[in-house]
Each structure stands twice: as C-alpha cells, then as structure tokens.
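# Descriptive analysis of the structure
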Amino acid sequence: MGSTGTVLRELRGAQKTAKGVSLYSRHVNRPAGRVLAAGAYRVGLSPNQVTLVSAAFTFAAILTVALAEPSWALGVAVYAGLAVGFAFDSADGQLARLTGKGGPDGEWLDHVVDCAKMILVHTAVLVSFHRFAELPSDVWLLLPLGFLFVAVLTFCAGLLREQLGKAAAAARPAPADGGAGPVSRVRAVALLPADYGVFCLVFLLSGAPGPFLAGYAALAAVHALFLVAFLTKWFRELRALRVD
C-alpha cells in the first residue's frame with residue numbers, strides 16, 4: 001500500500017471525464033472525494049462500504065431536516081452532512097477505479113442510494129414545511145412534491161438515456177475521439193444550478209424561513225427548466241442512434 005500522496009496521484013489519473021460536469025463537481029466535490037477515497041484506501045474500506053458511509057451522512061442530515069425545527073445551526077449541520085455525503089458519493093467510484101473492485105453490485109447500490117436521497121430530501125422538506133413553517137398558503141406544500149417529481153424524473157430519464165445509449169451504440173464503431181469531446185467551461189458554469197452540491201447550499205438559509213422558501217422555490221423552477229432541456233436533448237440523442 002503506497003503513501004497517501006502516491007494514492008492521490010493514482011486517483012488523479014483515474015478520474016472520469018469532466019465533460020458534462022458542473023464547476024462545483026469538477027473543482028469541489030471530485031477533489032474532496034479524491035481525498036476521502038485515498039483515506040478509505042488507506043484504512044482498507046471497499047467501494048461499497050464507502051457508499052454506505054455516504055448514505056449514513058446523507059440520511060442523517062435528511063432526518064434532521066424532518067425532525068428538528070429550522071435554525072441557523074441546523075442549516076449548517078444539514079449542509080455539512082449532505083456535502084460530506086456527496087463527497088463520499090464521489091469517493092466510492094474513484095476508489096472502485098483505483099482498486100479495480102467495482103462491479104454491477106456497486107453501481108446498483110450507488111444508484112439506489114442516489115435515488116433514495118432524492119426522494120427523501122424533498123420529502124423531509126415537505127414534512128418540515130408542514131410541521132414548522134408559516135407558509136403563505138397550504139398550496140406551498142405542493143412545492144416539495146413538484147421538486148421531488150422533477151428530481152426523480154431527471155434521474156430516471158438520465159439513467160435510461162445512459163443505458164439505452166450504450167445498448168444502441170454497442171454495434172456502432174466508436175468515434176475517433178472516444179466520444180469524450182471537448183470540455184466546455186461555459187457548459188460547466190451553466191450546469192451549476194442543477195448540481196446537487198449547489199442545491200445543498202440552500203439549507204444554509206434554514207434560519208431564515210422566507211429566504212429559504214424563496215431559494216428552494218427558485219431552485220425548483222430552475223431544475224424544472226433543466227428537465228425540459230435534458231429530456232429534449234436526450235430524446236434527440238437516442239433518436240439519432242435509432243437503427244432504421
């Protein structure tokens with residue numbers, strides 16, 4: 001087992017492409033995950049165990065949202081738990097590529113945890129609104145449900161796009177550049193509002209109910225717009241792969 005510095009260098013060489021990744025994931029979450037992956041490697045954790053650590057931080061933070069009255073201290077604690085959980089979510093894949101111990105079971109577990117956190121975080125906000133918030137109208141209780149719908153549909157549609165695209169492209173020759181293409185900084189900036197790590201920041205406003213509601217609603221609207229754009233883009237991409 002090499003030194004931590006050696007492990008970090010090997011992890012840098014085993015990174016996934018930065019194409020289609022926001023600046024937050026590229027410059028904050030992935031580097032943090034790399035450090036956590038190196039630490040996990042040093043103590044002998046498997047990728048699946050790292051995924052479970054990610055789930056523990058994430059679900060503990062989400063449970064706090066549902067059970068505790070919003071405050072500034074709660075917001076910091078929730079954000080920290082979600083952010084650390086997200087970093088470990090990056091670490092499990094990096095560790096799998098470093099050790100060669102990844103597999104279908106690990107990918108499945110990772111997707112299950114991702115789907116669960118998307119459902120539960122908005123459910124927890126709904127519970128918090130119902131228990132603690134003085135909303136202008138009960139209609140606002142539909143906001144977390146709408147955000148939940150958008151998040152889950154984006155996740156499922158994106159996953160299907162990836163899997164169906166792989167199946168359709170399997171019989172086609174690979175493009176000369178390996179399909180990676182150039183990394184666009186403009187796209188990386190544009191994707192920031194749709195990044196889960198940026199979404200987690202809204203919980204820092206927990207001590208101010210009005211700004212939290214406004215920030216959460218704004219993110220819900222932005223995610224809905226991204227969903228429309230993604231669905232259009234993915235449909236066109238899959239249509240282009242159709243064999244007539």
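Residues numbered from 1 in each chain as written. Predicted model: local features only at pLDDT ≥ 70, side-chain atom pairs only at ≥ 80, totals over all residues. Heavy atoms only, no water.

## Quick word on the overall build of the chain
Stated precisely, the cut-off is as follows: Numbering of helices and strands starts at the N terminus; helices are DSSP runs of H or I of at least 4 residues and strands are runs of E of at least 2. Pairs of residues are marked as contacts when any of their non-hydrogen atoms sit within 4.5 Å. Per-residue accessibility takes into account occlusion by the displayed protein chains alone, with areas from the Shrake-Rupley method and a 1.4 Å probe.
A count of helical and extended segments in the chain gives nine helices and zero strands. If you list the helices and strands of the chain from N to C, you get α-α-α-α-α-α-α-α-α. Considering only contacts in the chain between residues 6 or more positions apart, those separated by 24 or more positions represent 83%. Of the roughly 13,000 Å² of accessible surface on the chain, 68% is carried by carbon and sulfur atoms.

## Concerning the nonpolar core
Nonpolar side chains in soluble globular proteins generally cluster together in the buried interior. Going by this rule: Side-chain atoms within 4.5 Å link the members of a nonpolar core, which is a set of buried Ala, Val, Leu, Ile, Met, Phe, Trp, Tyr and Cys residues. Each residue is assigned to one of three classes by its accessible area relative to the maximum for its type, calculated with a 1.4 Å probe on protein chains only: buried under 20%, partly exposed between the two thresholds, exposed over 50%.
One finds L82, F199, F203 and Y216 to be the most contacted residues of the largest nonpolar core, which totals 28 residues. Of all the elements in the fold, those that place two or more residues in this core are helix 3 (47-67), helix 4 (72-99), helix 5 (104-132), helix 6 (142-169), helix 8 (196-200) and helix 9 (209-240). Counting residues per element, this core draws most heavily on helix 4, at six residues. With residues up to four places along the chain from it excluded, the contact list for F203 reads V65, G75, V78, L82, V121, V125 and F212. Membership of the second largest hydrophobic core comes to seven residues, among which are A40, F88, L95 and L98.

## Quick look at the environment of F230
Its location among the elements puts F230 in helix 9. For F230, a relative accessible area of 17% corresponds to the buried category. Each C-alpha atom of the pair F230 and A157 lies 8.8 Å from the other, and the pair is 73 residues apart in sequence. Once residues within four sequence positions are removed from consideration, F230 is found in contact with T154 and L191.

## Points about the environment of A124
With respect to the helices and strands, the residue A124 is situated in helix 5. When the C-alpha positions of A124 and I62 are compared, they lie 6.3 Å apart, and in sequence the two are 62 residues distant. Each residue touching A124, except ones within four places of it in the same chain, is listed here: I62, V65 and A66.

## Some points on the side chain of R161
Stated precisely, the cut-off is as follows: Between N or O atoms, a polar contact is any pair within 3.5 Å; within protein, one atom must be a potential hydrogen donor and the other a potential acceptor, and residues adjacent in sequence are included only when both atoms are from side chains.
With respect to the secondary-structure elements, R161 resides in helix 6. A distance of 2.8 Å separates the side chain of R161 from the side chain of E237, its partner in a polar contact. Excluding its chain neighbours within four sequence positions, the residues that come into contact with R161 are W234, E237 and L238.

## Some points on helix 9
Formally: Each residue after the first adds 1.5 Å to the expected span of a helix.
The end-to-end C-alpha separation of helix 9 is 46 Å, in line with the 46 Å expected for 32 residues at 1.5 Å each. Along helix 9, the residues that are buried comprise F212, L213, G215, Y216, L219, A220, H223, F226, L227, F230 and W234. Residues of helix 9 that are buried make contact with helix 5, helix 6, helix 7 (185-190) and helix 8.

## Quick look at the state of the cysteines
Here, the word disulfide means a covalent bond between the sulfur atoms of two cysteines. Note the cut-off: Cysteine sulfur atoms that come within 2.5 Å of each other are treated as a disulfide pair.
Considering all chains together, one arrives at zero disulfides under this definition. Between C115, a free cysteine, and C156, which holds the nearest cysteine sulfur, the sulfur-to-sulfur gap is 5.3 Å.

Distances and angles like these do not, on their own, reveal function.
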